[in-house]
Amino acid sequence: VDFAPKPIPGDWNGSGCHVNYSTRETRTEGTGWEAMQKQIKKLGDKHMEHITAYGEGNERRLTGAHETAPMDKFSWGVANRGSSVRVPRTVPIEKCGYYEDRRPASNMDPYIVTAKLVKTTL
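Remember, it's a predicted structure, so these values are computed and weren't measured experimentally.

A. Up close: the packing of helix H1 (residues 32-45) against helix H4 (residues 110-121). In the contact formed by H1 and H4, the axes pass within 9 Å of each other and the chain directions differ by 115 degrees. In terms of orientation, H1 lies roughly perpendicular with respect to H4. Where H1 crosses over H4, the two elements pack in a sense that is right-handed. On the side of H1, the interface is formed by Gln39, Lys42 and Leu43, while H4 contributes Leu117, Thr120 and Thr121. Class assignment for the residues of the contact of H1 with H4 results in 2 nonpolar, 3 polar and 1 charged.

This is the structure we're talking about:
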């Protein structure tokens, strides 16, 4: 078993460990969408700090191709599988929910990634 994000070179997307994340604020009906956008901005401000903690070899996976965002550029979007952070299509409609950090590699440490998300967004 190999947990590397892209153990075999080639024209394919590799393996990520996307993290679905929400807080009480993002799940609050009516105001969650606004809270989520503020949290995502904070993630963008600390993008490279997060990238360095999100797994080894991630540069082979986060190329901007194959439904990944480039490693050196933060982006987010609704239903955008090619962004750093993806917001489900239902969130702007329901005004609350969760978002998905698509940057962590398959060999990430879940405790480190969770700590980074919590420390950055709360």
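Still more to cover.
B. Examining H4 more closely. Its 12 residues place the ends of H4 16 Å apart at the C-alpha level, agreeing with the 16 Å of an ideal helix rising 1.5 Å per residue. Among the residues of H4, Val113, Leu117, Thr120 and Thr121 are the ones counted as buried. Around the axis of H4, the buried residues are gathered within 85 degrees of arc, so they sit on the same side. Turned more than 90 degrees from where H4 packs its buried face, Tyr111 and Lys119 sit exposed. In the core, the buried residues of H4 are packed alongside strand S1 (19-21), H1, helix H2 (47-53) and strand S4 (99-101). The N-capping residue of H4, defined by a side-chain oxygen 2.8 Å from the backbone nitrogen of tyrosine 111, is aspartate 109.

C. Spatial organisation of the sheet that holds S1. Spatially, the 4 strands line up as an open sheet ordered S1-S4-S3-S2, and their pairing is mixed. The strands lining the two open edges of the sheet, one partner per strand, are S1 and strand S2 (76-78). Pairs of neighbouring strands in the sheet enclose a mean axial angle of 25 degrees, with direction left out of account. Looking at chain direction, S2 and strand S3 (residues 85-87) are connected through 3 bridges and run parallel. Among the inter-strand pairings, tryptophan 76 is bridged to a residue of S3, identified as valine 85. On the sheet, H1 packs against S1, S2, S3 and S4 and is oriented at approximately 170 degrees with respect to S3. Helix-sheet contacts for H4 involve S1 and S4, and the interaxial angle to S1 is about 35 degrees.

D. Fine view of the pattern of salt bridges. All told, the structure shown has 8 salt bridges when counted by the stated rule. Glutamate 100 serves as the salt-bridge partner of arginine 86, at 2.6 Å between the closest nitrogen and oxygen. With arginine 86 in strand S3 and glutamate 100 in strand S4, the pair connects residues that are 14 residues apart, well separated along the chain. Side by side, arginine 86 and glutamate 100 carry an identical accessibility label, which is buried. For the salt bridge of glutamate 100 with arginine 102, the shortest nitrogen-to-oxygen distance reads 3.2 Å. No difference in accessibility class separates glutamate 100 from arginine 102, as the two residues are buried.

E. Just unusual backbone geometry, in detail. Positioned with a positive phi, glutamate 67 is a non-glycine residue whose angle comes to about 60 degrees. Take glutamate 67: it is sitting in the loop between H2 and S2. Phi at alanine 79 is positive, roughly 60 degrees, even though this residue is not glycine. Tracing the backbone shows alanine 79 in the loop between S2 and S3.

Definitions and limits used
- Residues numbered from 1 in each chain as written.
- Predicted model: local features only at pLDDT ≥ 70, side-chain atom pairs only at ≥ 80, totals over all residues.
- Heavy atoms only, no water.
- Axes fitted to C-alpha atoms, helices over the stretch in contact; angles between N-to-C directions.
- Helix = DSSP H or I, 4+ residues; strand = E, 2+ residues; numbered from the N terminus.
- Parallel < 35°, antiparallel > 145°, perpendicular 65-115°, else oblique.
- Left-handed = near helix turned anticlockwise from the far one by under 90°.
- Contact = heavy atoms within 4.5 Å.
- Nonpolar A, V, L, I, M, F, W, Y, C, P; charged D, E, K, R; others polar.
- Expected span 1.5 Å × (residues − 1).
- Buried < 20%, exposed > 50% of the residue type's maximum accessible area, 1.4 Å probe, protein only.
- Arc of directions from axis to C-beta.
- Polar contact = N/O pair within 3.5 Å; in protein donor to acceptor, adjacent residues only side chain to side chain.
- Pairing = 2+ DSSP bridges.
- Salt bridge = Lys/Arg side-chain N within 4 Å of Asp/Glu carboxyl O.

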